[in-house]
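Residue-level structure breakdown
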Amino acid sequence: MASTDFGRTVRRWRDRVAPEAAGLPSGGHRRAPGLRREELAMLAGISVDYVTRLEQGRAENPSEQVVEALGRALRVSPAEREHLFHTAGLVPPGRGTVPAYIAPSVHRMLDRLTGTPVAVSDASWTLLLTNPLYTALMGERHGRERNGAWRAFLGPGGRVRHTPESRRALEAAVTADLRTAASRYPADRRLRQLIADLRANSARFAELWDSGAVGHHEASRKTIDHPQVGPLTLDCDVLTVAGTDLRIMIYTAEPGTEDAERLELLAVLGPQPLVADPDPREPGPMERPSPSQSPTAPATRRRAPGESPTRPAER
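Conventions adopted
- Here the residue numbering is sequential within each chain, running from 1 through the sequence in written order.
- This being a predicted model, a pLDDT of at least 70 is required before a residue's local features are given, and a value of 80 or more before pairs of side-chain atoms are given or counted; all residues contribute to the totals for chains, interfaces and linings.
- Hydrogens are left out, water is left out, and the side-chain values use all remaining heavy atoms of the structure.
- By definition, any uninterrupted DSSP run of H or I lasting at least four residues is a helix, any uninterrupted run of E lasting at least two residues is a strand, and each is numbered from the N terminus.
- Note on exposure labels: buried denotes an accessible area under 20% of the residue type's maximum, exposed denotes more than 50%, and partly exposed covers the range between, all computed with a 1.4 Å probe on protein chains only.
- Here, two residues are considered to be in contact whenever any of their heavy atoms come within 4.5 Å of each other.
- Accessibility throughout is a Shrake-Rupley quantity obtained with a 1.4 Å probe, and a residue counts as covered only by protein chains that appear here.
- Patch definition: residues above 30% relative accessible area lacking any salt bridge, with like charges linked at up to 9 Å and the nonpolar side chains Val, Leu, Ile, Met, Phe, Trp and Tyr linked at up to 5 Å.
- Salt bridges are counted wherever a side-chain nitrogen of Lys or Arg sits within 4 Å of a carboxyl oxygen of Asp or Glu.
- Note on geometry: axes are lines fitted to C-alpha atoms, helical ones only across the stretch in contact, with angles between N-to-C directions running from 0 to 180 degrees.
- By convention the crossing between two helices is left-handed if the near helix lies anticlockwise of the far one by an angle smaller than a right angle, and right-handed if it lies clockwise.
- Polarity classes work like this: nonpolar for Ala, Val, Leu, Ile, Met, Phe, Trp, Tyr, Cys and Pro, charged for Asp, Glu, Lys and Arg, and polar for all others, with Gly in that last group.
- To estimate how far a helix should reach, multiply one less than its number of residues by 1.5 Å.
- Working note: the arc is built from the helix axis to C-beta atom directions.
- Buried Ala, Val, Leu, Ile, Met, Phe, Trp, Tyr and Cys residues that are joined via side-chain atoms within 4.5 Å together make up what is termed a nonpolar core.
- In these notes the angle categories are as follows: under 35 degrees is roughly parallel, over 145 is roughly antiparallel, 65 to 115 is roughly perpendicular, and the rest is oblique.

For the protein, the helix and strand inventory stands at 12 helices and 5 strands. Expressed as a percentage of the 315 residues in the protein, the buried residues total 54%. Within the protein, counting contacts between residues at least 6 apart in sequence, those at least 24 apart form 68% of the total. A total of about 13,900 Å² of accessible surface is found on the protein, and carbon and sulfur atoms cover 53% of it.

Here it is, written out as structure tokens:
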């Protein structure tokens, strides 16, 4: 019964979200108002097949991560978010867990920054939301690849170039961020699992964690090797949303440069076509495979960060 109620709620609320309100083009013939299934899947970072099965009541027991991601994509209010969790048979995450709610004001900001790559992450550096240009710049990410800490220590490598010095600084800063998040959100089991998996699988993370290493993020210039438009050197700034622990990452190009021209070209080209998750049962933005599993491929609303020639380390 819960799965049926949840699917009906998602279907009904999908119809009320205008594509342009979600930063999507509204052109072309639409048989119904609101978002298409594939658009909702893209915004939530899950497969179209999984959204279909959820709406039809054929998929049971969606995870907290999936419900949270769908709520963000559907732009629900705090009361509607709570209702969505209840229809899924779940208790909404409460105090002591990493906040994942994104206020409408942050949504509106991303909608307006169409010419600037922007991404929003939570206190554990799990990617929550990106705009189309960020996805075009960095590519889409799925599963654990959506977590910046996982990518920095265990990921396969992305598009951002890193020197040994910049990688070490990033690793120290990410470790310090996770330490702060762990003390601030002691009841968050996904955060605890992430830290445990990193300690078990990354000698570098274990060393930094056990030594109490500290670090902080600074404004920087990053070079992104893009497969279509070539290398872009951009300024990267990380902003925080007061009272939420959300991090907003913004990339900008110096006006009048070749980098600015390439960024404009990328805005025209847009993100690459979506590829469905190989396993629709593993759709989640924050799903955690066991340490023995290899990281899954990416997915997102509009997504992702980084790279290094030999190993990731990025956001």
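Moving on, there is more to tell.
This brings us to a nonpolar patch on the surface. A cluster of nonpolar side chains, Leu265, Val268 and Leu269, forms an exposed patch at the surface whose accessible area comes to about 290 Å². Along the chain, Leu269 turns up in helix 12 (residues 258–269).

With that settled, consider the pattern of salt bridges. Per the stated rule, a full pass over the model turns up 20 salt bridges. Here Arg14 and Glu55 are joined by a salt bridge, their closest N and O atoms 2.7 Å apart. Here Arg14, found in helix 1 (residues 2–15), pairs with Glu55, found in helix 3 (residues 48–55); they are 41 residues apart in sequence, far enough to count as distant. Residue Arg168 pairs with Glu165 through a salt bridge whose shortest N-O separation is 3.8 Å. Here Arg168 and its partner Glu165 are both found in helix 9 (residues 164–184), 3 residues apart, which amounts to about one turn of the helix.

On to the packing of helix 4 (residues 64–73) against helix 5 (residues 78–87). Between helix 4 and helix 5, the least distance of the axes is 10 Å, while the angle of their chain directions is 145 degrees. In this structure, the crossing between helix 4 and helix 5 has a hand that is right-handed. Contact with helix 4, carried on its side by Glu64, Val67, Glu68 and Gly71, involves Arg81, Leu84 and Phe85 of helix 5 and no other residues of that element. Per-class residue counts for the contact of helix 4 with helix 5 are 3 nonpolar, 1 polar and 3 charged.

Before going further, it helps to examine helix 9. With 21 residues, helix 9 should cover 30 Å at 1.5 Å per step; its first-to-last C-alpha distance of 30 Å lies within 8% of that length. Every buried residue of helix 9 is accounted for by Arg167, Leu170, Glu171, Ala172, Ala173, Val174, Thr175, Ala176, Asp177, Leu178 and Ala181. Close packing links the buried residues of helix 9 with helix 8 (148–154), helix 10 (189–201), helix 11 (203–211) and strand 5 (246–252).

A word on helix 11. Inspection of helix 11 places Phe205, Ala206, Leu208 and Trp209 among the buried residues, and these make up the whole buried set. Take helix 11 and look down its axis: the buried residues cluster within an arc of 165 degrees, on one side only. Turned more than 90 degrees off the buried face of helix 11, the exposed positions are Ala203, Asp210 and Ser211. If you follow the buried residues of helix 11, they end up packed against helix 8, helix 9 and helix 10. One or two steps after helix 11, the chain reaches Gly212, where phi turns positive at roughly 70 degrees.

Quick look at the nonpolar core now. Of all hydrophobic cores here, the largest spans 27 residues; its most connected members are Phe6, Leu40 and Leu70. Those elements giving two or more residues to this core turn out to be helix 1, helix 2 (37–44), helix 3, helix 4 and helix 5. Beyond its immediate stretch of four places on either side in the chain, Leu70 contacts Phe6, Val10, Leu40, Ala44, Ile46 and Leu54. Val98, Phe153, Leu191 and Leu208 belong to the second-largest nonpolar core, a separate cluster that totals 19 residues.

On to the packing of helix 9 against helix 11. Helix 11 packs onto helix 9 with a crossing angle of 60 degrees between their chain directions and a minimal axis gap of 10 Å. In terms of axis orientation, helix 9 runs oblique to helix 11. Crossing hand, helix 9 versus helix 11: right-handed. The segment helix 9 lies against helix 11, with Arg168, Glu171, Ala172, Thr175, Leu178, Arg179 and Ala182 engaging Arg204, Phe205, Leu208 and Trp209. Across the contact of helix 9 with helix 11, the residue classes break down as 6 nonpolar, 1 polar and 4 charged.

Note on placement: Ala21 falls in the loop between helix 1 and helix 2. Residues Ala21 and Leu35, spaced 14 residues apart in sequence, show a C-alpha to C-alpha distance of 9.9 Å. In this view, Ala21 contacts Arg75 and Asp111; residues no more than four positions away in its chain are not counted.

Scope: geometric values only; no functional claims are made or implied.
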